[in-house]
Amino acid sequence: MNVVRTLISPRGAVFLLLVVLLVAITILNPGFAEPGQLMRYIQRVAPVAIVAIGQYFVIIAGEFDLSQGSLITAQVIIAGNLVGQDDARTVPVLLLMVVFGALVGLVNGLLTTLLKVPSFIVTLGMMLALLGGVMWWTGGAATGNPADSFRQIGRGGIRDLPLIDFLPWSVLILAGWLALGIWVTRRPFGKVLIALGDNPRAARYAGARSWWVTTRAFIISAVSATLSGVLLVGYAGVHPSVGRGYEFIAITAVVLGGVVLGGGRGWIVAAVAGAFVLEALFLLLNIAGIPSSLRDAVQGVIIIAAVAYSGVVFRARRKSAPATASPAPGDEPDAPPGAEGRTSASPALAAEGVTETRGD
Amino acid sequence: MKRLRIDSTVIVLAILLLAIVVGAILVATQGRSFFSPGNIRDILTGMSVLGLVAIGQTLVVLGASLDLSVTYVMSLASLIGATTMAGNPANIPWAVTLTLLVCAGIGLANGLIVTVLKVNGFIATLGVGLILQGVLNTSFQGSAGSVPWDFQLLGATGIGPVPVSTIIMIALAVLVWFLLDRTRTGAHLFAVGGDPEVARLSGVRTRPPLIAAHVLCSVFAGLAGLLLASRLGVGSPTVGQQGGYALLSIAAVVLGGTLLLGGRGSVWGTIGGVAIFAVVDNVMSVMQVNPFLKDVVRGVVIVAAVAVYSRRAIVRRRTRFGPGGTRTGGDAAALAAAPAMAAASAALTAETDRGEGDGR
């Protein structure tokens, strides 16, 4: 009963949707349920899910990152041009890409926090500048075919395993990145980030170094996009439109996962589940034989419906919740002194309280 | 009011002046004149389409929403207009009416999804945009229809160096300025954009102004689409997407000093923002800058221009209610009232204690 209630709650809606979609795919195409096929599916989701993890950190802090798609394209083109057919260059170029990604995130973050430019505008400018800059550098032709050792990261994996037969590297990378993300959200940094997204002024009064916390969120987002670019080099090859639209897909996935645009609410696992839902949706539309021209329309309807559903359920639940949750104003002085002391003890603890009531 | 208040519109105009001066010098180094009638006509022509979209976008952003579907609305409008006219001048009034009605319908859908279903404007209009993309894909293969010569004149002729399309754009800007500054709907839109909850508690019906803003935004995008059709002579299913008008119009609105969070801003700032874009684009065209490098410059200009005044306190920005702005007034009043309130609460506590003491 409890499981059912969680599933129809806004937090669980994305998992319910995922189960429904996967079951529908399996009915239409029974082969999908085989472990090998499932692994292929997860492999295809990995780049989107990793970008969504990065976007989650930015959105939870109440910001946007529109530069992710351009950054992916830029990194793919950098890889294509610098690695070449030389296996020895794989590791140095990989390091260079990570440093470049972190730098982009740092610039995004500092412009947003220190210059107080809205992140929507900062990352929009970065989106234009990055793509234009890389295309200018390469003369508009995204050529180059990175060495096989580099491409193996995205397309290769451990073969000849029992049961699943093939375990792609990208699945392992996704799992690792998600685990890292979950760990980070449980650290004080993650709590402060959520507090900042919920109420920046209160978080600042509580002692949060908001500029550095927000900047780190942008760095995480940019490094995620870099990682996704590395996977896409192997999976999709070098092409100037590889990363196009990824920022919107990532934002959609995160919002489908119940994360509130504007910050302060959301669960990282649900955001990743949102990415799985989107990819399952594409797959289902493909298998169901819906003409490719109509796919966009169906996708649009489902996105709106899913977000509207979780919004409506959330409001309904809030209305029906007993009003006694918050004490009447007059009662406050009578509350035991320990309770007040606890909530205002430290920003990390205060933030923890926020996540607990909203999240788990 | 003796002291000249520096509000964001003034800053935008100053940046525009700076852009014109720098542009004129740069153009002069190429041995051309920036202020030749031909060049001025080019700039104004470049302004009119983005200007129309941005005026509509201003309304939506003031209401604390976004409209990412404008690009698809523009493409659809150009197609509906061109196919309905079908080269016959007698069809022009009917075609324009039909196009604008369809656009108003799309805007109504946007507005209802945002207000009634409470889907975030970002996601709602992204979804509606995807649906429109699907419609465009299924209904039209490539360019269609034909625009009669009489209608093409709209995009081609002008009074002196001023094109007719720019005159229409400015006239509509005046209309929107009147709507925002002199009508109840405008005042309510500012109130709802600033804080929907406070507006609701003040007795403002929060839905109608935002729905009206969305309807008008789509109608303005439809007008921009018709203008593009009159220039191209045909309707095209990709004309809006190619220009990237959705993000550019939002950038122009923010550049014009309108808060992305809603509630503060003006149409004239937006027109200034659009003019800055047009001047920068024009100078780059005259200088024959590499097209990829153009994007880099655009990105830097967007961020730099917004950064100029973003560091200033938000209270300096133009507000709807009174010269000082509600925010400063509120803060000052709260500060002034603080000692009195502290005294009152102390008195209350003392009284309660005495009351309890008497009871025992």
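Residues numbered from 1 in each chain as written. Chains lettered and ligands numbered in written order. Predicted model: local features only at pLDDT ≥ 70, side-chain atom pairs only at ≥ 80, totals over all residues. Heavy atoms only, no water.

1. Here we look at the overall build of chain A
Worth spelling out the cut-off: Elements are defined by DSSP. Helices are runs of H or I of four residues or more, strands are runs of E of two residues or more, and each kind is numbered from the N terminus. Between buried and exposed lies partly exposed: a residue is buried under 20% and exposed over 50% of the maximum accessible area for its type, with that area taken using a 1.4 Å probe on protein chains only. When checking whether two residues touch, look at their non-hydrogen atoms; a contact exists if any pair is within 4.5 Å. All accessible-area figures derive from a Shrake-Rupley calculation using a 1.4 Å probe, and residue coverage is judged against the displayed protein chains alone.
Along its length, chain A carries 16 helices and two strands. Buried residues in chain A amount to 49% of all 360 residues. Considering only intrachain contacts with a sequence separation of at least 6, the fraction spanning at least 24 residues in chain A is 77%. Split by element, the accessible area of chain A, about 16,100 Å² in all, is 65% carbon and sulfur.

2. Observations regarding the pairing of strand β2 (residues 165–168) of chain A
Inclusion rule: Criterion used throughout: strands pair if DSSP finds at least two bridges between them.
Note that strand β1 (residues 157–161) of chain A and β2(A) share four bridges and pair antiparallel. Opposite A:L161, over in β2(A), you have A:D165 as the bridge partner.

3. Examining the pattern of salt bridges
Residue and element names in this part refer to chain B. Using the following cut-off: Criterion for a salt bridge: a side-chain nitrogen of Lys or Arg within 4 Å of a carboxyl oxygen of Asp or Glu.
In total, this model carries three salt bridges over all chains according to the counting rule given. A salt bridge links D281 to R298, with the nearest nitrogen and oxygen atoms 2.9 Å apart. With D281 in helix α13 (residues 267–286) and R298 in helix α14 (residues 291–310), the pair connects residues that are 17 residues apart, well separated along the chain. One salt bridge in this structure joins R298 and D295, with 2.8 Å as the shortest N-O distance. Of the two residues, R298 and D295 both sit in helix α14, three residues apart, roughly one turn of that helix. Put simply, D281, D295 and R298 are held in one network by salt bridges that share partners.

4. Remarks on the packing of helix α5 (residues 90–113) of chain A against helix α11 (residues 210–236) of chain A
Residue and element names in this part refer to chain A. As a reminder of what qualifies: Every axis in this analysis is a line fitted to C-alpha atoms, fitted for helices over the stretch in contact. Angles between the N-to-C directions lie between 0 and 180 degrees. Crossing handedness is defined as follows: a turn of the near helix away from the far one that is anticlockwise and smaller than a right angle gives a left-handed crossing, while the clockwise case is right-handed. In the scheme used here, Gly and all other residues not listed as nonpolar or charged are polar, with Ala, Val, Leu, Ile, Met, Phe, Trp, Tyr, Cys and Pro taken as nonpolar and Asp, Glu, Lys and Arg as charged.
For the pair α5 and α11, the least separation of the axes is 7 Å and the interaxial angle reads 145°. You can see that α5 and α11 cross each other, and the crossing is right-handed. Where α5 abuts α11, its residues L94, M97, V98, G101, A102, G105, L106, N108, G109, L110, T112 and T113 lie against W211, T214, T215, F218, I219, A222, V223, T226 and V230. Its residues assigned to classes, the contact of α5 with α11 shows 12 nonpolar, nine polar and no charged.

5. With respect to the environment of A:E34
With respect to the element layout, A:E34 can be found in the loop between α2 (10–28) and α3 (35–60). Along the backbone, A:E34 and A:I164 are 130 residues apart, and their C-alpha atoms lie at a distance of 8.2 Å.

6. Structural notes on the interface of chain A and chain B
Quick note on the threshold: We define buried area as the total accessible area lost by two parts upon association, computed with a 1.4 Å probe and summed across both. Polar contact is defined as a pair of N or O atoms within 3.5 Å, subject to the rule that within protein one atom must be able to donate a hydrogen and the other to accept it, and that residues adjacent in sequence are counted only when both atoms are side-chain atoms.
Each side of the interface is counted separately: chain A has 41 residues, and chain B has 39 residues. The largest per-residue losses of area from chain A upon contact with chain B belong to A:F120, A:I121 and A:I304, which jointly make up 17% of the total buried on that side. Linking chain A to chain B there are one residue pair in polar contact (both at pLDDT 80 or more). Broken down by secondary-structure element, the contributors of at least two residues to the side of chain A that touches chain B are α6 (119–138), α12 (246–256) and α14 (292–320) of chain A. Here the residues of the side of chain A that touches chain B sort into 28 nonpolar, nine polar and four charged.

7. A look at the environment of A:G237
Residue and element names in this part refer to chain A. Among the secondary structure elements, G237 is positioned in the loop between α11 and α12. G237 sits in the buried class, given a relative accessible area of 7%. Sequence separation of G237 and G80 is 157 residues, and the distance between their C-alpha atoms is 8.5 Å.

8. Topic: the nonpolar core
Filter applied, for reference: Buried residues of nine kinds, namely Ala, Val, Leu, Ile, Met, Phe, Trp, Tyr and Cys, make up a nonpolar core once their side-chain atoms join them within 4.5 Å.
Core analysis: the largest hydrophobic core is formed by 189 residues, its most contacted members being A:F57, A:F120 and B:F122. Counting residues in hydrophobic clusters, the runner-up holds eight residues, among them B:A82, B:M85, B:A95 and B:F151.

9. Topic: unusual backbone geometry
Residues and elements named next belong to chain B. One non-glycine residue, A86, adopts positive backbone phi at about 50°. Assignment of secondary structure puts A86 in the loop between α3 (70–85) and α4 (92–115). Of note, K118 is a non-glycine position whose phi angle comes to about 60°, a positive value. Inspection of the secondary structure puts K118 in the loop between α4 and α5 (121–139).

10. Some words on helix α4 (residues 68–82) of chain A
Residue and element names in this part refer to chain A. The criterion, for reference: How far a helix is expected to stretch is found by multiplying one less than its residue total by 1.5 Å.
Look at α4: 21 Å from first C-alpha to last across 15 residues, which is about the 21 Å you get at 1.5 Å a residue. Among the 15 residues in α4, 13 count as buried, and that is most of the element. One or two positions beyond α4, positive phi appears at G84, with a value near 60°.

11. Describing the packing of aromatic side chains
Two descriptors summarise a pair of aromatic rings, namely the distance from one centre to the other and the angle between the planes of the rings. Applied cut-off: Two rings from Phe, Tyr or Trp (for Trp, the six-membered ring) form a pair when their centres sit within 6.5 Å of each other. Planes less than 30 degrees apart are called stacked, planes more than 60 degrees apart edge-to-face, and all others tilted.
Taken as a whole and judged by the stated rule, the model has nine aromatic pairs over all chains. Between A:Y56 and A:F57, the ring centres sit 5.5 Å apart and the planes meet at 80°, which makes this aromatic pair edge-to-face. Here the aromatic cluster, defined as three or more aromatic residues joined through ring pairs, consists of A:F64, A:F120, A:F248 and B:F122.

12. With respect to the confidence of the model for chain A
Our working rule: pLDDT gives the predictor's per-residue confidence on a scale running from 0 to 100.
Looking at chain A, the pLDDT average stands at 81 and 82% of residues meet or exceed 70. This stretch, residues 322–360 of chain A, has a pLDDT under 50; its non-local contacts, to residues over four places away or in other chains, come to 20 contacts.

13. Some points on helix α8 (residues 169–186) of chain A
Residues and elements named next belong to chain A. Using the following cut-off: It is the directions from the helix axis to the C-beta atoms whose arc is reported.
Between its first and last C-alpha, α8 extends 26 Å over 18 residues, near the 26 Å set by a 1.5 Å rise per residue. Those residues of α8 that fall on the buried side of the exposure criterion are S170, V171, L174, W177, L178, G181, V184 and T185. What you see down the axis of α8 is that its buried residues fit within an arc of 150°, all on one side. Facing away from the buried side of α8 by more than 90 degrees, the exposed set consists of W183 and R186. Elements in contact with the buried residues of α8: α3, α7 (148–155), β2, α9 (188–198), α11 and α13 (268–287).

14. Structural notes on the state of the cysteines
All names here are of chain B. Filter applied, for reference: When two cysteine sulfur atoms lie within 2.5 Å, the pair is treated as a disulfide.
If you walk through the whole model with that rule in mind, you get zero disulfides over all chains. Left unpaired, C103 is separated from the closest cysteine sulfur, that of C217, by 10 Å. For C103, a relative accessible area of 2% corresponds to the buried category.

15. So, the environment of B:F34
Position of B:F34 relative to the elements: it lies in the loop between α1 (8–29) and α2 (37–62). When near neighbours in sequence (up to four residues on either side) are disregarded, B:F34 contacts B:I20, B:G23, B:A24, B:V27, B:N39, B:I40, B:I43, B:V279, B:N282 and B:V283.

16. Considering a nonpolar patch on the surface
Counted only if it meets this: Residues qualify for a patch when their relative accessible area is over 30% and they have no salt bridge, like charges being joined within 9 Å and the nonpolar side chains of Val, Leu, Ile, Met, Phe, Trp and Tyr within 5 Å.
The grouping of A:V312, B:L108, B:L112, B:V116 and B:L117 at the surface amounts to a nonpolar patch, some 350 Å² of accessible area in total. On the basis of relative accessible area, B:L108 is assigned to the partly exposed category, the value being 40%.

17. Section: the side chain of B:S249
All names here are of chain B. Position of S249 relative to the elements: it lies in helix α12 (residues 245–255). What makes S249 buried here is its relative accessible area of 0%. In contact with S249, other than residues within four places in its own chain, are L50, V53, A54 and Q57.

18. Quick word on the confidence of the model for chain B
All names here are of chain B. The pLDDT averaged across chain B works out to 86; a share of 88% of its residues lies at or above 70. Note that pLDDT drops below 50 for residues 313–320; the model gives that stretch 29 contacts with residues more than four away or on any other chain. Overall fold confidence for the complex sits at a pTM of 0.83, while the interface term, ipTM, reaches 0.80.

19. Brief notes about the side chain of A:S224
Tracing the sequence through the fold places A:S224 in helix α11. Apart from residues no more than four positions distant in its own chain, A:S224 is found in contact with A:I50, A:G54 and A:W177.

20. So, the packing of α6(A) against α12(B)
Note the following rule: By the definition adopted for this analysis, an angle is roughly parallel if under 35 degrees, roughly antiparallel if over 145, roughly perpendicular if from 65 to 115, and oblique otherwise.
Put simply, α6(A) and α12(B) touch, their axes get as near as 11 Å, and they point 130° apart. It follows from the interaxial angle that α6(A) and α12(B) lie oblique. When the axes of α6(A) and α12(B) are compared, the crossing they make is left-handed. In contact with A:F120, A:I121, A:L124 and A:M127 of α6(A), α12(B) contributes B:L247, B:I250, B:A251 and B:V254. Grouping the amino acids of the contact of α6(A) with α12(B) by side-chain chemistry returns eight nonpolar, no polar and no charged.

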